[in-house]
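Survey of secondary and tertiary structure
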Amino acid sequence: MKRGSPLLAGYRLGVSLLTPAAAGLLLWRRGKGKEDPARLGERRGHAGRSRPEGPLAWLHGASIGETLSILPLVERLTRRGVTVLVTSGTRTSAQLVARRLPPGAIHQFVPLDVPLYVKRFLDHWRPDLALFAESELWPNFVHALDRRGIPLVLVNGRLSERSFRRWMRAPKAAEAILSRFAFCLAQSQADAERLARLGAPRVAVAGNLKFDSPAPPADPRTVASLQALTAGRPIWMAASTHPGEEEAAIAVHRALSRRYPSLLTIIAPRHPNRGPDIAATALESGLVAVRRADGMQPDRTVDLYVADTIGELGLFYRLAPVVFMGGSLVPHGGQNPIEPAKLGAAILHGPHVHNFTDVYAAIDRARGALPVEDARALAAALAQLLSEPGRMRTMGRAGTAAVDALGGALERTIRAIDPFLVDLRAGSSS
């Protein structure tokens, strides 16, 4: 049963009254480089292109991880003759998606959750089905889709214990939102139970779509060129790092360089715009550091290579046999280790991995990953692995097998949403 909530009614009214402030927020974000100036209108609900004829499914993922996880689902839908509108909210995700979308799919920036913007967006695109990824529960969008009779499904649904406790402070608001989802497909049993307790009327466990995503691509010629350039050097990578972790990686390099003078450390920050600051910090520490965004290469003189470009993680995961996953030495919750595991890298991670608890637990159990408590433990683990290439390869194979064994979410998701697709196609032909 769908329920209302005074809190959500107040939210809708408040956001409506603050529409001028929302426009100002977008201008401020544009000034900070967080919005694409040429496409700012999309964030206010103005479409960047016309709607194609025929059935249209709208898939939304907030940022890079969520958007990439739904790309296999996008491909399957387009193969069925359904036009797919993919939305995301960050410039980085838009740049990546533009390279990977299959024919028959369109990308737009998602509007802010402002009633006027929501109305513009839905009036133009008129989706026949909406699928939101992971934990996207925007009240005005959910309310508007429900009023228009557009089925809404949560795919790859995730609700952490921390988020669950926050929603439990306003249970009627949570139920008012979740009761409007036609179906919630959760990543795990724990996620499913939390969604059901908050009021989702129909919940099933489909698994994590990220396990079914292909390994990130890389140009074979570029891979071969960098492998030739770095041949014979011990290499490790700190991927998707956050502030504080780059300093740790620099300290690790300095500690290991006495034993491995030709060591190459690659740092790929979670936010590439931090590349100049990371390179400067490394230079201040006495290391030779260059940035890929400057067009530089990791030649024999380079100690630390800052991989501050977008869409090239697949290249560096193929180059580095051991990868430390960032967001885990600092209390961020960890970044997704599935991509390097798919490419056979041995994984190291810190203690803070609650964003991907089940994933890390599976790879740890398979001995494809090692947890470390701090920078000193990271240096010790790397020293051991770099001295045992056979163990690194064994770990890499174990990690790949672990994530492959957890696949199948894509097929389960397709089966679960198939009735909606049948209705969608039937509606378009009537």
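The shown structure was predicted, so the numbers you read here are calculated from the model rather than taken from an experiment. (Residues numbered from 1 in each chain as written. Predicted model: local features only at pLDDT ≥ 70, side-chain atom pairs only at ≥ 80, totals over all residues. Heavy atoms only, no water.)

As a packed pair, helix H12 (residues 245-257) and helix H17 (residues 375-386) sit with axes 9 Å apart at the nearest point and diverge in direction by 45 degrees. Overall, the two elements H12 and H17 adopt an arrangement that is oblique. Here H12 and H17 pass one another in a crossing that is right-handed. Side by side, H12 and H17 meet where Ala248, Val252 and Leu256 of the first sit next to Ala375, Leu378, Ala379, Leu382, Ala383 and Leu386 of the second. (Axes fitted to C-alpha atoms, helices over the stretch in contact; angles between N-to-C directions. Helix = DSSP H or I, 4+ residues; strand = E, 2+ residues; numbered from the N terminus. Parallel < 35°, antiparallel > 145°, perpendicular 65-115°, else oblique. Left-handed = near helix turned anticlockwise from the far one by under 90°. Contact = heavy atoms within 4.5 Å.)

Where helix H6 (residues 115-125) contacts helix H7 (residues 139-147), the two axes come as close as 10 Å, and the packing angle between them is 45 degrees. By the angle between their axes, H6 is oblique relative to H7. Remark: the crossing between H6 and H7 carries right-handed chirality. Here H6 contributes Pro115, Val118, Phe121 and Leu122 to the contact with H7, which in turn contributes Asn140, Phe141, Ala144 and Leu145.

Attention now goes to the pairing of strand E5 (residues 152-157). The buried fraction of E5 amounts to 6 of the 6 residues, a majority that puts the element mostly inside the structure. Relative to E5, strand E4 (residues 129-133) is paired through 4 bridges, and the arrangement is parallel. Residue pairing in the sheet places Leu131 in a bridge with Val153 of E5. Taken together, E4, H7 and E5 constitute a β-α-β crossover, and its handedness is right-handed. (Buried < 20%, exposed > 50% of the residue type's maximum accessible area, 1.4 Å probe, protein only. Pairing = 2+ DSSP bridges. Right-handed = clockwise from strand over helix to strand, strands pointing away.)

Take the sheet that holds strand E7 (residues 203-205) next. Read from one edge to the other, the open sheet built from 7 strands follows the order E3-E2-E1-E4-E5-E6-E7, with strand pairing classed as parallel. Only two strands of the sheet have a single partner each, and these edge strands are strand E3 (105-109) and E7. Each strand axis lies, on average, 20 degrees off the axis of its neighbour in the sheet, ignoring direction. Sheet contacts for helix H5 (residues 91-100): strand E2 (83-88) and E3; angle to E3, the most-contacted strand, approximately 165 degrees. Sheet strands in contact with H7 are strand E1 (56-60), E4 and E5, and its direction is about 155 degrees off that of E4.

Within helix H16 (residues 357-365), burial applies to Val359, Tyr360, Ala362 and Ile363. On an axial view of H16, the arc spanned by its buried residues comes to 160 degrees, and they lie on one face. Buried-residue contacts for H16 involve strand E12 (322-325), helix H15 (338-342), strand E13 (346-349), strand E14 (369-371) and helix H18 (389-405). (Arc of directions from axis to C-beta.)

Strand order in the open sheet formed by 7 strands is E10-E11-E9-E8-E12-E13-E14, with parallel pairing between adjacent strands. Looking along the sheet, the strands with just one partner apiece sit at the ends: strand E10 (289-291) and E14. In this sheet, adjacent strand axes meet at a mean angle of 20 degrees when their direction is disregarded. Most of the contacts of helix H13 (residues 275-284) go to E10, to which it runs at about 165 degrees, and overall it touches strand E9 (264-269), E10 and strand E11 (304-306). Its contacts with the sheet put H18 on E12, E13 and E14, and the angle it makes with E13 is roughly 85 degrees.

Attention now goes to the packing of aromatic side chains. Taken as a whole, this structure holds 5 aromatic pairs when the rule is applied. Geometrically, the ring pair formed by Trp58 and Phe132 is edge-to-face, given 5.1 Å between the ring centres and 75 degrees between the ring planes. Residue Trp58 is located in strand E1, and its partner Phe132 is located in strand E4; the two are separated by 74 residues in the primary sequence. For the pair Trp58 and Phe132, a shared accessibility class is recorded, and that class is buried. One aromatic cluster is present, formed by Trp58, Phe121, Phe132 and Phe141 through successive ring pairs. For the cation-ring pair, Arg158 lies above Phe356, with the distance from its terminal atom to the ring centre recorded as 6.0 Å. Residue placement shows Arg202 over the ring face of Phe183; its charged tip is 4.0 Å from the ring centre. (Phe/Tyr/Trp six-rings, centres within 6.5 Å; stacked < 30°, edge-to-face > 60°. Lys NZ or Arg CZ within 6 Å of the ring centre and 35° of its normal.)

Looking now at the environment of Arg165. Inspection of the secondary structure puts Arg165 in helix H8 (residues 161-167). For the pair Arg165 and Arg194, spaced 29 residues apart in sequence, the C-alpha separation works out to 9.5 Å.

Before going further, it helps to spend a moment on unusual backbone geometry. Its identity as a non-glycine residue notwithstanding, Asn156 has a phi of 55 degrees, on the positive side. Summarising the element assignment, Asn156 is placed in strand E5. One non-glycine residue, Ser240, lies in positive phi territory at about 55 degrees. Taking relative accessible area as the criterion, Ser240 reaches 9% and is therefore assigned buried.

As far as function goes, none of this settles anything; it's purely spatial.
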